[in-house]
Each structure stands twice: as C-alpha cells, then as structure tokens.
Amino acid sequence: MSATTDDQPVRQFHADAAVTTTDEPRRAAVRRALKNYEVARDRTKSTFTDWKQARSAASTVKHEAVNHLDRYLAEFEERFTARGGKVFWARDSRQARDYIVQLARERGVRSIVKSKAMTGEEIHLNQALEAEGFGVVESDLGEFIQQLKGEAPYHFVFPCMHLRRDEISDLFNTKLGTEKTDSPEELTMIARRFLRQAYVEADMGISGGNFIVADSGMISITENEGNARLTVGVPKIHVALIGIEKVVPRLADLALFLPMLATAGTGQHMTGYNSMYGGPRQEGEVDGPEEFHVVFLDNHRTRLLADPEQRDALHCIRCGACLNVCPIFKNIGGHTYGTTYQGPIGSVITPHFRGLQDWKHLSGASSLCGACTETCPVGIDIHHHLLHNRRNAAASGPMPGESAVWKAFRWVMRKPSLYRLGLKFAPWMMRIRSWLHRTAIDPAAGWTASRDLPELEARTFRDLLKAHRASRKEPLGGVEKPTSLSKDQKSETVKSTGKKRRK
Ligand code: SF4
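Draft legend 1. Highlighting the environment of serine 111. Looking at the element boundaries, serine 111 is found in strand S2 (residues 111-114). Aside from chain neighbours lying at most four places away, what touches serine 111 is Gly135, Glu201, Ala202, Asp203 and Met204.

Draft legend 2. How the structure looks around the site of the ligand. Residues in close proximity to the ligand total 14 residues, the closest being Cys316, Cys319, Gly320, Cys322 and Cys376. Classifying every residue of the shell around the ligand by side-chain character gives twelve nonpolar, one polar and one charged.

Draft legend 3. View of helix H5 (residues 69-82). In this model H5 runs 20 Å from its N-terminal to its C-terminal C-alpha over 14 residues, within 8% of the 20 Å that 1.5 Å per residue would give. Glycine 84 sits one or two positions beyond H5 and adopts a positive phi of about 100 degrees.

Draft legend 4. Structural view of the packing of aromatic side chains. With the rule as written, the count across this model stands at 14 aromatic pairs. Ring geometry for tyrosine 277 versus phenylalanine 292: centroids 6.4 Å apart, planes at 40 degrees, classification tilted. Here tyrosine 277, found in strand S9 (residues 273-277), pairs with phenylalanine 292, found in strand S10 (residues 291-297); they are 15 residues apart in sequence, far enough to count as distant. Across the pair, phenylalanine 292 and tyrosine 277 agree in class, each one buried. An aromatic cluster of three or more residues is present, and its members are Phe76, Phe80, Trp89, Tyr277, Phe292 and Phe296. One Lys or Arg, arginine 71, reaches over the ring of tyrosine 72 and ends 5.0 Å from the middle of that ring. In this arrangement the basic side chain of arginine 318 is found over the ring face of tyrosine 341, its NZ or CZ atom lying 4.4 Å from the centre.

Draft legend 5. View of the sheet that holds strand S6 (residues 218-223). Across the sheet, four strands lie side by side as S8-S5-S6-S9; this open sheet has mixed pairing. Unpaired on one side and paired on the other, strand S8 (247-248) and S9 mark the two borders of the sheet. Note that strand S5 (residues 211-213) and S6 share three bridges and pair antiparallel. For isoleucine 212, the partnering residue across the bridge sits in S6 and is isoleucine 219. Seen against the sheet, helix H13 (residues 254-266) touches S5, S6, S8 and S9 and runs at an angle of roughly 170 degrees to S5.

Draft legend 6. Inspection of the pairing of S10 at higher detail. Of all seven residues making up S10, seven are buried, and the element is well covered by its neighbours. One ladder, built from five bridges, connects strand S1 (residues 86-90) with S10; its direction is parallel. Note on S10: the bridge partner recorded for lysine 86 is histidine 293. Sheet analysis places strand S7 (residues 237-243) next to S10, joined by seven bridges and oriented parallel. Its bridge partner being in S10, isoleucine 237 is matched across the sheet by glutamate 291.

Draft legend 7. Structural context of the environment of valine 325. Looking at where valine 325 falls in the secondary structure, it is placed in the loop between helix H15 (321-324) and helix H16 (327-332). What makes valine 325 buried here is its relative accessible area of 12%. Taking the C-alpha atoms as reference, valine 325 lies 9.8 Å from glycine 370; in sequence the two are 45 residues apart. Once you skip the residues sitting within four places of it in the chain, valine 325 turns out to touch Tyr37, Glu38, Arg41, Lys330, Ala371, Cys372 and Thr375.

Draft legend 8. Region of the structure containing unusual backbone geometry. Although it is not a glycine, arginine 318 sits at a positive phi angle of roughly 55 degrees. Inspection of the secondary structure assignment puts arginine 318 in the loop between helix H14 (301-305) and H15. Overall, arginine 318 belongs to the buried group, its relative accessible area being 13%. At leucine 368, a residue that is not glycine, the phi angle is positive and equals roughly 55 degrees. Given a relative accessible area of 27%, leucine 368 falls into the partly exposed group.

Draft legend 9. A look at the sheet that holds S1. Reading across from one edge, S1-S10-S7-S4-S2-S3 is the order of the six strands in this open sheet, with parallel pairing throughout. Of all the strands in the sheet, just S1 and strand S3 (135-138) have a single pairing partner and so form its edges. Pairs of neighbouring strands in the sheet enclose a mean axial angle of 20 degrees, with direction left out of account. Relative to strand S4 (residues 204-207), S2 runs parallel, the two sharing three bridges. When the sheet's bridge partners are listed, isoleucine 112 is paired in S4 with methionine 204.

Draft legend 10. Structural view of a positive patch on the surface. A cluster of like positive charges, contributed by Lys407, Arg410, Arg414 and Lys415, occupies part of the molecular surface. Looking at the element boundaries, arginine 414 is found in the loop between helix H22 (400-413) and helix H23 (416-438). Residue classification places arginine 414 among the exposed positions, given a relative accessible area of 63%.

Draft legend 11. Local environment of the nonpolar core. Ile219, Val294 and Ile345 are the most contacted members of the largest nonpolar core, which totals 76 residues. Take this core: its biggest share by element is seven residues, from H13. Val109, Leu129, Phe134 and Met204 belong to the second largest nonpolar core, which has 21 residues in total.

What counts as what
Residues numbered from 1 in each chain as written. Predicted model: local features only at pLDDT ≥ 70, side-chain atom pairs only at ≥ 80, totals over all residues. Heavy atoms only, no water. Helix = DSSP H or I, 4+ residues; strand = E, 2+ residues; numbered from the N terminus. Contact = heavy atoms within 4.5 Å. Near = heavy atom within 4 Å. Nonpolar A, V, L, I, M, F, W, Y, C, P; charged D, E, K, R; others polar. Expected span 1.5 Å × (residues − 1). Phe/Tyr/Trp six-rings, centres within 6.5 Å; stacked < 30°, edge-to-face > 60°. Buried < 20%, exposed > 50% of the residue type's maximum accessible area, 1.4 Å probe, protein only. Lys NZ or Arg CZ within 6 Å of the ring centre and 35° of its normal. Pairing = 2+ DSSP bridges. Axes fitted to C-alpha atoms, helices over the stretch in contact; angles between N-to-C directions. Patch = residues over 30% accessible without salt bridge, like charges linked within 9 Å, V, L, I, M, F, W, Y side chains within 5 Å. Areas by Shrake-Rupley, 256 points an atom, 1.4 Å probe, with all protein chains shown as cover. Salt bridge = Lys/Arg side-chain N within 4 Å of Asp/Glu carboxyl O. Lys, Arg positive; Asp, Glu negative; His and termini not counted. Charge placed at Lys NZ, Arg CZ, Asp CG, Glu CD. Core = buried A, V, L, I, M, F, W, Y, C linked by side-chain atoms within 4.5 Å.

Here is the structure:
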C-alpha cells in the first residue's frame, strides 16, 4: 500500500468542502433531487415479501461470488468466448486503457459512443481516447450533460443531480446552440436529437456492466434511458469495461438483484431496461456488434479481496443508496470527494484502490451515524469499515502530532495522581492557549478554524457528583454499605423465608 505523503488530496478536500458547505443553492438542488427518494424507496421496499430476508440472501450470494471470484470469472469467460466474445484481464488502469485504445486504433475507429460506466471514469478512459484523437460521446443524459460541462459525475447514479434546469438549458444553449427552455421534456429531446446521430456515426460502443453472470456467460446492464441498448446494438464493435467484483454465480440470482438494485437506487420496482448480452451477433440475429470484448478490471480490487476484514466492500452493487442518505454527502456534495466513487462506499474503497495515506481523510468525512449501513441492500457494514480505515491509517502512516497527543493522554489517564494534577493546571493551560490565540500562534488553529474550543467547566465531574450526593446524603464511594442486621431483624427475616435457624 502506498506510503506517500502527498497532501494535495486532503488540502483540496478541505478547500472544496469549505466552499460547498456554504453553497446553499447547490445544497438545495441536491435536497430537491433527493426529496422523494426515501418515500419511493420505502414504498417499493414494502412490496418485497421480506426486505430483511432479501438483504441477507443478497449478502450470502455476494459472499459466495466474491469468495470464489476466480472460479466464477473463469466460468463466465469459458461460456462467453465459446460464443465468439473476447475477454481481456486488465491488472490496472493502464492495461485497460492501452487495450481499448489499441483496439480502436487497429480497427480504424473514428468515433465512439459510450453509456454510463464508472469504471471508465475510474481509469480516465475518455481522456486517453481523446488524447489519441478519437471522438467520444457520453450517451447517458446525465453523463452527457456533465461531459458538455467538462465535469466528472457528481453522483455515480445521478451524475448531474446538482444542476438546475436553467443551468442545463444555458449549457445546451452555449454548447449546442439550442434555444433556451425550462421544459425538461424539451431539454431531453435536444439531447436525444444529438445522441441519435452519435449512435449512427459511432464505430465503437463502450459500456460498463451491472452484473457478470457466470453460469450463462452473459453480462447484465440495467438502465432507464435505453441508451446502453443502442450503445451495444448499433456500432460494429463493443467493449464492456467491468470491475471483477460484479460477478454473480447464477442467472437466477438476477431475480433478486435487479429489483433490489432498482429499489435501493431510485425507488423503482425495476429499471426501464434490463438487458443481457452474451457476445457478438450470432448467425441469424438481426442486430448486435460484430465484435464483443469484455475487459475485466482489477485495478487493486484483488488488494481489497486479500483483506478478510474489509473484503465485503466488494459486494457493493453501486446502487448509490448510501450516498442518498449520507448527511455528509448531502452537505459537501459529490465533487468534493475528488474520487470516482463518492459518498460512504467511496470513502471505504478509495483508500484501497488509490492508497491509504493519500485518501485516509475520506474516512474522517463521516459522522458515523450508520445510515449508510442501515440502508445498504447487500448489508455492507460501511461505517465500521470507515473506522477500520481510520485505525489502519493511524497504524501504518505518519500522524506524529495526533499519535503523540493520544500517547500522552493514555499515559496520564493511567495515573490518577497525574490526572488530578492535570486538572489543577487545566485552567492555566486554557489561559495560555487563549493568549496564543490572540497572538496568532495558536497551535490548535487548524482544529479551531471550523470549531469552537469549549471553555473549561469551573467544576469537575467529581465536584458535581460530590455535591449531588451530598444533597442526597449519599457517600461519595458509591453504593451505601449494608449495615449488619439487628437480632430482631434477623429473626424476622428467618420467619419470612420460612427457614429454621440451625442450632
Ligand atoms: S455500499 Fe451498499 S448502499 Fe452503497 S452503493 Fe454499494 S450497495 Fe449501494
């Protein structure tokens, strides 16, 4: 694991968070986008016979799949290649990018249409293709808007949830030269007209994949706009770039996972389009690509797989539910994370994918309220994984100031006499700290920049307890010691319990 001390991601995170948390219009847009989410999700959840049971079944299936990744991925490969598909195993981003760029070059591709694939964002695929002169058009409406804006997705399910209608209209006006409009239908039609042409012109389509189904050798893509179907079906060549953890053992597992993904992700019973792809066009079929490549992306997923404590983070089906309920995400927004995968699950996996020391600050971007864990449809213990990351970061990296403070604290707390002495000096230390604060050389300035350092209470807890007990006439030492019974009381006790005193 990387032991780099590049503090650029953390500085950027703090700077962006300071801006976004005070950007009330942006926060209001996010709130509006999520306004009906929880109601819709709960309504759909109630149509499951037993949601709790469904979660536990999903967790069991993902345990089985992730714990036997090698077997299930090989099973998929065998069946997929038997139908003429090709599988490439990419160890890291560079290998995946190189394979796709080389393929496009060899086939004389000029333009590419792409449906939403977070793996593409993860490996910076568009940038690599554009640098080689290939035109790439994102076909998911939200991703298309973000591409025109020159921004990464804000949320891995709702890429432009933070934008208002008028902002999108202005963007289309500037970039596509269309008339301004406030109508969502008209805005959608503008994008549709542009995208239809892109499908017709594209020589290559690129997608992600929601599930890799081992026993059928097919990939499953679930979407609401039909753009992925056109991306796969129209161009001559198709490449599906999928993380290796997306595998499920059996086709029958989709009967659970498809409605579960829709419910947790958007509150729908099922997404609009659910398609299965098993390779290139077969004889007698009227559509489909002539070549179908699946790129399995590892990119440090096996590093997470090797960690028995946190391996279950690979069970994630990217429904986005944990982002939707996270108070931190709603306040700092998706871009502040500076990662492909935002929110609670992004904060868990990014340190594994990109280096613990550079990305440990994300584990602190949590109130540990546990809302993410409670909502996760596959039962990932997300907030405890954030704690694990914090612990691992403290154990493996340089945190000199913080660890020195905690060591001193532990030392003092083990010595009651020192602790009592410390209490006597505490008011003086507070006075010194206030003086330093006024002279602008406050050592706690970083911590107090966004927080108030509370004033010390005039009386300690022990003082308060003593006063409280004195008012109730209780001794300070705890429970009152029972006094011995008088002779009469003893004989009364014996009578009442019916026992005879032995002679
Ligand atoms: S961690 Fe759970 S809730 Fe979050 S995106 Fe993944 S599956 Fe959904």
